[in-house]
Amino acid sequence: MTTAVLLALAALALAVLSLALRRRARLPGRVVASDVGGAPPVRLLRSAHYGLSGKPDYLLEERGRIVPVEVKPTRRATRPWLRDVVQLAAYCLLLSESEPRFAGYGYLRYAHHTFRIDFTASLRDELLRTLAALRADLTAADVDPNHHDPRRCARCALVTVCGKVVTGAS
């Protein structure tokens, strides 16, 4: 086979795969990269300026623009959780630096809802405040643990250091 035929077959296979991924996750747009398999992999997005890197679950192409998608398949909330919005904002910030076709928004996909999250100046500021707080915690001599969620506390990797497993509501 010629190179042109092989490239055409590869493009067709990617288009079919993109459609299957989009249908399975119920995503708008065409999947152009995936961190969960089945499509070309999402490259690690990096920002030296912000000291930040990460990979969204999907990158979509929607009307010629690139859109990050974060999927939380077991989340059943009817409104997006702030921590998920901030995570998506990190991908938006990374794309805004590296992708001229960045759409200016991203999607959060929960079990039964898809939320479009606009990457506004106030969301960018919230992300930068969160990053600053995380960096301050990394250099702090002591950080108070959060024991408000017994399920998360019980699975914490630091339970042997902390010794405060919460078994009921606190």
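Check the entry above for the structure.
Quick notes on the rules
Residues numbered from 1 in each chain as written. Predicted model: local features only at pLDDT ≥ 70, side-chain atom pairs only at ≥ 80, totals over all residues. Heavy atoms only, no water. Pairing = 2+ DSSP bridges. Helix = DSSP H or I, 4+ residues; strand = E, 2+ residues; numbered from the N terminus. Axes fitted to C-alpha atoms, helices over the stretch in contact; angles between N-to-C directions. Contact = heavy atoms within 4.5 Å. Core = buried A, V, L, I, M, F, W, Y, C linked by side-chain atoms within 4.5 Å. Buried < 20%, exposed > 50% of the residue type's maximum accessible area, 1.4 Å probe, protein only. Phe/Tyr/Trp six-rings, centres within 6.5 Å; stacked < 30°, edge-to-face > 60°. Lys NZ or Arg CZ within 6 Å of the ring centre and 35° of its normal. Right-handed = clockwise from strand over helix to strand, strands pointing away.

Asks: Report on the sheet that holds strand 5 (residues 65-71), specifying residues and quantitative values.
Replies: An order of 1-4-5-6-7 is seen for the five strands of this open sheet, with the pairing classed as mixed. Each having just a single partner strand, strand 1 (30-34) and strand 7 (114-118) make up the two edges of the open sheet. Ignoring strand direction, the axes of neighbouring strands in this sheet form an average angle of 30 degrees. For strand 5 and strand 6 (residues 105-109), the ladder comprises three bridges, and the chain directions are parallel. If you follow Val 69 over to strand 6, its bridge partner there is Tyr 107. In the packing of helix 2 (residues 82-98) onto the sheet, the strands contacted are strand 4 (58-62), strand 5, strand 6 and strand 7, and the crossing angle to strand 5 comes to about 150 degrees.

Asks: Any chance you could break down the nonpolar core for me, citing the residues and the numbers?
Replies: With 27 residues, the main nonpolar core has Leu 52, Leu 108, Ile 117, Phe 119 and Leu 127 as its most contacted residues. Sorting the residues of this core by element identifies helix 2, strand 7 and helix 3 (121-139) as the ones contributing at least two each. Per-element accounting of this core gives the leading share, ten residues, to helix 2. Sequence-distant contacts of Leu 108, that is, excluding residues within four places in its chain, are made with Glu 70, Pro 80, Asp 84, Val 85, Leu 88, His 113, Thr 114, Phe 115 and Ile 117.

Asks: Hey, could you go over the environment of Leu 131 for me, with residue numbers and the actual values?
Replies: With respect to the helices and strands, Leu 131 occurs in helix 3. Taking relative accessible area as the criterion, Leu 131 reaches 10% and is therefore assigned buried. C-alpha of Leu 131 to C-alpha of Leu 52: the two residues are 79 residues apart in sequence and 8.9 Å apart in space.

Asks: Just give me the short version of the packing of aromatic side chains, but keep the residues and values in it.
Replies: Enumeration according to the criterion identifies three aromatic pairs in this entry. Relative to Phe 115, the ring of Tyr 110 has its centre 5.2 Å away and its plane inclined at 75 degrees; by these criteria the two rings are edge-to-face. Taken as a pair, Tyr 110 and Phe 115 share a single burial class, namely buried. For Arg 75, the ring lying beneath its charged end belongs to Tyr 110, and the centroid distance is 5.7 Å.

Asks: Please set out the pairing of strand 6 residue by residue, giving values where relevant.
Replies: Side-chain positions along a regular strand alternate between the two faces of the sheet. Counting buried residues in strand 6 gives five out of five residues, a clear majority hidden from the surface. Side chains Tyr 105, Tyr 107 and Arg 109 project from strand 6 onto one buried face, and the interleaved Gly 106 and Leu 108 project onto a second face that is buried too. Remark: the strand 5/helix 2/strand 6 crossover connection has right-handed handedness. Of the pairings in the sheet, the one linking strand 6 to strand 7 comprises five bridges and is antiparallel in character. Within strand 7, the residue paired with Leu 108 across the bridge is Phe 115. Between strand 6 and the antiparallel strand that follows it, strand 7, lie four residues.

Asks: Quick one: what's the story with unusual backbone geometry, residue by residue and with numbers?
Replies: Positive phi values are uncommon outside glycine, yet Arg 63 reaches one of about 55 degrees. Of note, Arg 63 is situated in the loop between strand 4 and strand 5.

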